Amino acid sequence: MVKLLEAVEISLTMNSKKILDSVNLCFDRGINLIAGPNGSGKTTLLKILAGLLRPSSGKILLDGLDITMKKAHERVKLGIIMAPERMKLPLSLTVDENLRFCDRNRAYEYFPELKKISEKKARDLSGGERQMVILARAFAKNSKYLLLDEPFQGLHEKIKERIIKLLEEEGRKRGILVVTHDELEKIFSMSDYICVLTNGKLLYAGEKEGGEKILKKFFI
Amino acid sequence: MLVSIAIRILVLVLLILPVFLDCYTKLLAASALTLAIFTVSWLYLEKDLGWASLGHSIPFGVSAYLFAINPLLLFFSPLTTFLLFPLSIFGKHTFPFASFVFSVFLWYLAHHIVFEGKGGEEGFRAPSINLDLIYLISVTILILSCLLIWKISNSYFGLKVKAVRDDEIAAKAIGINSLPFKVFGFAISCSLASIAGILHAAIFGHVSPGVFSPYFSLFPFVAATIGQGKIWSSILGSYTVVFLSWFLSPYVPEFHYAIYAVALILASYTQSYARSDRSV
C-alpha cells in the first residue's frame, strides 16, 4: 500500500554540520508524533516536508509522487500545510485579514474568541492569540497533511484542551504531524504513529506500543 | 483625523490653484506635481512591498531619456522594472545602497550617451506639450495613481503582497508564491515612476543627465519622510521640497541639499512610519 507522505533517506548538512542523517519515515492518516530532544532536527524535518527547506539528499514522496523539488506554495496546493512555530504571521494584517487565506467561517468556528479581536493587527496580539490565528488558519484550510510545530506554545490550558479534541477529530480525516514538548503525554496517548529523533538520526519509527519505552525513558 | 482632512484639502487646493496663476508658477507646480507622482510610486514600493529604493531615478530617468530620443519609445518604459528588480537579489537591507549606486552609475553613463550628434552633457530635447494640457494630464495621473494604489492595497491581491512583505516564510507557508507579487509590485511602482519621468521631460522639453542625479534619486525618500509615509502628506512633502528650494535658492544656492540633510536626520525619528498603516 502506498503511504501518503514519505521521507526517503533525507539528509541535510548546514555549515558542514549534519542536521539530518538518512531519515526514512512513512506517515499515514491520523496523529503522527515526532519527538526528540531540542536540536534533534524535528522542526527541520517538518520544514523539509513543507518545502521551506531543501534537503541535501533524499526524496519526499506524496502518494508515491516525488515532490522534493516542489516549492512550499506548490505543496500547499498539493495539500501539505505547515503551521510554523514562533509566531510566524504577517504582522501588519488584522486577524480577519490573516484568516482570509483560509475558510474564515470555519476558522471562527474552531476559535470563536478570534471574532472579538478580528480587527486587531497581528502585531498587537499576545503570543497565545497569534498562535490561535496560526492554528485556526491551518485547521480551516483543506489539506491532506497538517504539520504542526509546537502547537501549544503560549496557549491557555482551556485552549490546549480544545486543540487536543480538534486533533482527535481532524486526525480521522487527514494526516497530522505534531512536533511538541508541551502536552507530550496526551499527544502520545492519541498518536497512531511515533518517531523519535536524536542528533538528526532516527532512533525509532513505528507503532505507539513499540516506541513507548524509548519515549518514556528519554522524554516523558 | 482633522489634520488628515486639512492635508487633503490643502493638496486639492494646491492642485487646482495653479490653473489660475501665471505661467512660471504653473510650470513650477507642474514640476512639483510630476515629482509627487514619482513620490507616490516610490511610496508604494516602500510601504506595500517593503523595498526602499534610493535609485528610483532609474525608471524615472530612463523613461525620460527614451521619450526624448523617440516619443514612441515611451511604450517600453514599463520595462525599466527589469533594471530595478534584479537589484532585489541583494536583499532588503542592501537594496537601497545598490539601487543608489546603480543610479549614480547611470548618471555617469548618461553624460556619454550621444545619439545622432545630440546628447552628452547637454542632454536631449524632448517633445514639448502645451503646459495647460500637461498640467491637466499630470493632475489626472496623480489622482488615478492614488486610486490605483488604494485599490490594490485594499484588495485580496494587496493582502498577499503585504503578507509577502511582512514575512516571506510565513507567506510561503500559507501557499503564497512570493516572486510574482514582488515582480508585479516593482512593475506598478516603476511604471508610475516612468510616467512621472515622461511628464517631467514633456514639461521642460528637455532631458539632461541630471535626471539620474542624487537630487532625483533621493527626492521621493525625502518627500515621504516629510510626509511621514502617508500618501497625501507625501504629496505635500513633494510640493514643500520643490517650492521651498525655489523660494530660498536665490538666498541659499542649492538649498534643496539643506532640506535633504534635515530629512535624512529626521528619517531616523520618523522611521516608524514604515511600519505604520497606510492612510490615504
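On a predicted model such as this, the values are computed, not experimentally measured, just so you know.

**Quick word on the environment of B:Phe221**
Residues and elements named next belong to chain B.
Part 1 of the reasoning: Tracing the sequence through the fold places Phe 221 in helix 10 (residues 214–226).
Part 2 of the reasoning: Put simply, Phe 221 and Leu 264 are 43 residues apart on the chain and 8.9 Å apart in space, counted from C-alpha to C-alpha.
Part 3 of the reasoning: Apart from residues no more than four positions distant in its own chain, Phe 221 is found in contact with Trp 42, Leu 54, Leu 264 and Ala 267.

**Focus on the packing of aromatic side chains**
Residues and elements named next belong to chain B.
Part 1 of the reasoning: Applying the stated criterion to the full structure yields 24 aromatic pairs over all chains.
Part 2 of the reasoning: Arranged with centres 5.7 Å apart and planes meeting at 80 degrees, the rings of Tyr 65 and Phe 124 form a pair that is edge-to-face. Of this pair, Tyr 65 sits in helix 3 (residues 57–69) while Phe 124 sits in strand 3 (residues 124–125), placing them 59 residues apart in sequence.
Part 3 of the reasoning: Residue classification places Tyr 65 among the buried positions, given a relative accessible area of 4%.
Part 4 of the reasoning: On the numbers, 6.2 Å between centres and 75 degrees between planes, the contact of Tyr 257 with Tyr 260 is edge-to-face. Remark: Tyr 260 and Tyr 257 occur in helix 12 (residues 256–270); sequence separation between them is three residues, near one turn of the helix.

**A short note on the sheet that holds strand 1 (residues 5–14) of chain A**
Residues and elements named next belong to chain A.
Part 1 of the reasoning: Across the sheet, four strands lie side by side as 2-1-4-5; this open sheet has antiparallel pairing. Looking along the sheet, the strands with just one partner apiece sit at the ends: strand 2 (17–27) and strand 5 (65–66).
Part 2 of the reasoning: Pairing of strand 1 with strand 2 involves seven bridges; the strand directions are antiparallel. Residue pairing in the sheet places Leu 5 in a bridge with Phe 27 of strand 2.
Part 3 of the reasoning: Together, strand 1, strand 2 and strand 4 (57–62) form the strand contacts of helix 1 (residues 42–50), whose direction differs from that of strand 2 by roughly 65 degrees.

**Thoughts on a nonpolar patch on the surface**
Part 1 of the reasoning: A contiguous nonpolar patch, built from B:Met1, B:Ile5, B:Ile9, B:Val13, B:Leu17 and B:Leu21 and spanning about 580 Å² of accessible area, is present on the exposed surface.
Part 2 of the reasoning: Summarising the element assignment, B:Leu17 is placed in the loop between helix 1 (2–16) and helix 2 (23–47).

**Focus on the interface of chain A and chain B**
Part 1 of the reasoning: Contacts between the two partners involve 19 residues from chain A, matched on the other side by 18 residues from chain B.
Part 2 of the reasoning: Summed over both partners, the interface of chain A with chain B comes to about 1700 Å²; 63% of that surface belongs to carbon and sulfur atoms.
Part 3 of the reasoning: For the pair chain A and chain B, the number of links is five residue pairs in polar contact (both at pLDDT 80 or more).
Part 4 of the reasoning: Looking at which element gives the most residues to the side of chain A that touches chain B, the answer is helix 2 (residues 72–78) of chain A, with three residues.
Part 5 of the reasoning: Partitioned by chemical class, the residues of the side of chain A that touches chain B number 10 nonpolar, two polar and seven charged.

**Topic: the sheet that holds strand 9 (residues 193–198) of chain A**
Residue and element names in this part refer to chain A.
Part 1 of the reasoning: Taking strand neighbours across the sheet as the criterion, the six strands line up as 6-7-8-3-9-10 in an open arrangement whose pairing is mixed. Bordering the open sheet on either side are strand 6 (80–83) and strand 10 (201–206), each of which pairs with just one other strand. With direction set aside, neighbouring strand axes in the sheet form an average angle of 15 degrees.
Part 2 of the reasoning: Across the sheet, helix 1 lies against strand 3 (30–35), strand 6, strand 7 (145–149), strand 8 (175–179) and strand 9, angled at about 150 degrees from strand 7, the strand it touches most.

**Some remarks on the pairing of strand 10 of chain A**
All names here are of chain A.
Part 1 of the reasoning: As judged from the five bridges shared by strand 9 and strand 10, these two strands associate in the antiparallel manner. Residue pairing across strands places Cys 195 opposite Ala 205, the latter belonging to strand 10.
Part 2 of the reasoning: The loop that links strand 9 with its antiparallel partner strand 10 comprises two residues; one of these, Asn 199, has a positive phi angle of about 50 degrees.

**Description of helix 9 (residues 178–204) of chain B**
Residue and element names in this part refer to chain B.
Part 1 of the reasoning: Here helix 9 spans 39 Å end to end across 27 residues, near enough to the 39 Å set by a 1.5 Å rise per residue.
Part 2 of the reasoning: Counting buried positions over the 27 residues of helix 9 gives 19, a clear majority of the element.
Part 3 of the reasoning: Just downstream of helix 9, Gly 205 is the residue with a positive phi angle, here 65 degrees.

**Quick word on the packing of helix 5 (residues 95–110) of chain B against helix 10 of chain B**
Residues and elements named next belong to chain B.
Part 1 of the reasoning: For the pair helix 5 and helix 10, interaxial distance at closest approach is 9 Å and the crossing angle is 150 degrees. On the basis of their axis angle, the class for helix 5 and helix 10 is roughly antiparallel. Two secondary-structure elements touch here, helix 5 through Phe 100, Ser 103 and Trp 107 and helix 10 through Pro 214, Ser 217 and Leu 218.
Part 2 of the reasoning: Classifying every residue of the contact of helix 5 with helix 10 gives four nonpolar, two polar and no charged.

**Re the environment of A:Met69**
All names here are of chain A.
Part 1 of the reasoning: Of note, Met 69 is situated in the loop between strand 5 and helix 2.
Part 2 of the reasoning: Placed 10 residues apart in sequence, Met 69 and Lys 59 show a C-alpha to C-alpha distance of 8.8 Å.
Part 3 of the reasoning: The contacts of Met 69, once residues within four sequence positions are left out, are Arg 54, Glu 74 and Arg 75.

**A word on the side chain of A:Thr44**
Part 1 of the reasoning: You can see A:Thr44 is positioned in helix 1.
Part 2 of the reasoning: Contact partners of A:Thr44, with chain neighbours within four places excluded, come to A:Leu12, A:Ile19, A:Leu20 and A:Leu53.

Parameters at a glance
- Residues numbered from 1 in each chain as written.
- Chains lettered and ligands numbered in written order.
- Predicted model: local features only at pLDDT ≥ 70, side-chain atom pairs only at ≥ 80, totals over all residues.
- Heavy atoms only, no water.
- Helix = DSSP H or I, 4+ residues; strand = E, 2+ residues; numbered from the N terminus.
- Contact = heavy atoms within 4.5 Å.
- Phe/Tyr/Trp six-rings, centres within 6.5 Å; stacked < 30°, edge-to-face > 60°.
- Buried < 20%, exposed > 50% of the residue type's maximum accessible area, 1.4 Å probe, protein only.
- Pairing = 2+ DSSP bridges.
- Axes fitted to C-alpha atoms, helices over the stretch in contact; angles between N-to-C directions.
- Patch = residues over 30% accessible without salt bridge, like charges linked within 9 Å, V, L, I, M, F, W, Y side chains within 5 Å.
- Areas by Shrake-Rupley, 256 points an atom, 1.4 Å probe, with all protein chains shown as cover.
- Salt bridge = Lys/Arg side-chain N within 4 Å of Asp/Glu carboxyl O.
- Buried area = accessible area lost by both parts, 1.4 Å probe.
- Polar contact = N/O pair within 3.5 Å; in protein donor to acceptor, adjacent residues only side chain to side chain.
- Nonpolar A, V, L, I, M, F, W, Y, C, P; charged D, E, K, R; others polar.
- Expected span 1.5 Å × (residues − 1).
- Parallel < 35°, antiparallel > 145°, perpendicular 65-115°, else oblique.

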